[in-house]
Amino acid sequence: MVSYINILFYGVGGLVVAGMALLVAFQEKLVYVPVLPGLTKSYSINPSRLRLTYEDVWLSSSDGVRLHAWFIKLFPDSRGPTILFFQENAGNIAHRLEMVRIMLDKLQCNVFMLSYRGYGASEGYPSQQGIIKDAQAALDHLSQRSDIDTSRIVVFGRSLGGAVGAVLTRNNPDKVAGLILENTFTSILDMAGVLLPFLKWVIGGSGSKGPKLLNFVVRSPWSTIDVVGEIKQPILFLSGLQDEMVPSSHMQMLYAKAATRNNQCLFVEFPNGMHMDTWLTGGDQYWRTVQQFLEKHAPEKNEDRTSQNGNARKSPL
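Presented here is a report on the structure given in the accompanying data block. (Residues numbered from 1 in each chain as written. Predicted model: local features only at pLDDT ≥ 70, side-chain atom pairs only at ≥ 80, totals over all residues. Heavy atoms only, no water.)

Further remarks concern the sheet that holds strand 3 (residues 82–86). Read from one edge to the other, the open sheet built from 8 strands follows the order 1-2-4-3-5-6-7-8, with strand pairing classed as mixed. Looking at which strands have only one partner, the edges of the open sheet turn out to be strand 1 (54–60) and strand 8 (265–270). Here the average twist between neighbouring strands, direction ignored, is 20°. Those strands touched by helix 2 (residues 97–107) are strand 2 (66–72), strand 3, strand 4 (110–114) and strand 5 (153–158), and its axis lies near 155° from that of strand 4. Sitting on the sheet, helix 9 (residues 283–297) is in contact with strand 3, strand 5, strand 6 (178–182), strand 7 (235–240) and strand 8, with an inclination near 170° to strand 7. (Pairing = 2+ DSSP bridges. Helix = DSSP H or I, 4+ residues; strand = E, 2+ residues; numbered from the N terminus. Axes fitted to C-alpha atoms, helices over the stretch in contact; angles between N-to-C directions. Contact = heavy atoms within 4.5 Å.)

Spelled out as structure tokens, the structure:
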């Protein structure tokens, strides 16, 4: 009997040790995936391929990493809202262009797409603290532009991008008008137990039960659940209920945490939405929801309306 107990004990211990070793060695490859299998790191297309007018933007993060971004404007003198878009973990910004093309058409906005360090044409290697610096560099750039209405900057993050956007929004209450989160996780600590179920006994976020003895080995915890409770700006939560990557319960927990301190939170579910396609399966309801959020929390200034009306009256037509 003792020998069987020993075998069981060592077997379970071996699994935990193996899981910890895998997590330590490969965690960045799970959290950050700049290159999709079978593809290259370079951009497969650029915005002009979809007949979008864009600007190549090169930034320098505060630690000196050179970053690349695309700034896509609805039209040259557009004063509409500007969405600072943060993508999911896999692939690069070129893989989001079809969604962005529809976003410009439906929302009549500008879109700034940042390549995190190590993604696309950006230099460096991804890490949580590094990407936080990258996001800040992107926002600082937008805040200094004279060709947009800087009071109408809204952060939009999907999955990993939601974690990035939440930190940026919390840190910049005077520069960000609102935050949109789509299919975002509570934390990487909680996602470890989703990806490798036996790890949930030793790794977990602030809301999990029991001692989490191995949390210290996670280098990019991205604890969004702790961040959203500190955000003062309006937040729109977009949740695909068929999400096959991040359990939809994560979005519900994020909303519950934020709404306890922020009465400007809205949670909207999309029954057929999966992790990457909620914007597509959500149809008109999806875009109408986002549009109404922008109209309410990043509205057009009265003087802009007056100017446009005045120009219309002066028109020879």
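After that view of the structure, there is still more to cover.
Attention now moves to the nonpolar core. Among soluble globular proteins, nonpolar side chains are generally buried collectively. Ranked by internal contacts, the top residues of the largest apolar core, which has 55 residues, are Leu 84, Phe 86, Phe 112, Trp 222 and Phe 237. Counting residues per element, this core draws most heavily on helix 3 (residues 128–143), at 7 residues. For Leu 84, the contacting residues outside a window of four places in its chain are Phe 112, Ala 138, Leu 139, Leu 142, Val 154, Val 155, Phe 156 and Leu 168. (Core = buried A, V, L, I, M, F, W, Y, C linked by side-chain atoms within 4.5 Å. Buried < 20%, exposed > 50% of the residue type's maximum accessible area, 1.4 Å probe, protein only.)

Right, let's talk about the environment of Gly 193 for a bit. Within the secondary structure layout, Gly 193 lies in helix 5 (residues 188–195). Separated by 12 residues in the primary sequence, Gly 193 and Gly 205 have C-alpha atoms spaced 10.0 Å apart.

The interhelical angle for the contact between helix 2 and helix 9, taken along N-to-C directions, is 60°, at an axis separation of 10 Å. Between helix 2 and helix 9, the crossing angle belongs to the class labelled oblique. Seen from above, helix 2 lies across helix 9 with right-handed handedness. Along the contact surface, helix 2 presents Met 99, Ile 102, Met 103, Lys 106 and Leu 107, while helix 9 presents Asp 284, Trp 287, Val 290, Gln 291 and Leu 294. Within the contact of helix 2 with helix 9, the residues separate by chemical class into 7 nonpolar, 1 polar and 2 charged. (Parallel < 35°, antiparallel > 145°, perpendicular 65-115°, else oblique. Left-handed = near helix turned anticlockwise from the far one by under 90°. Nonpolar A, V, L, I, M, F, W, Y, C, P; charged D, E, K, R; others polar.)

Another aspect to go through is the side chain of Asn 172. Position of Asn 172 among the secondary structure elements: in the loop between helix 4 (160–171) and strand 6. A polar contact is formed between the side chain of Asn 172 and the backbone oxygen of Leu 168, at a distance of 2.8 Å. Each residue touching Asn 172, except ones within four places of it in the same chain, is listed here: Gln 136, Leu 139 and Gln 233. (Polar contact = N/O pair within 3.5 Å; in protein donor to acceptor, adjacent residues only side chain to side chain.)

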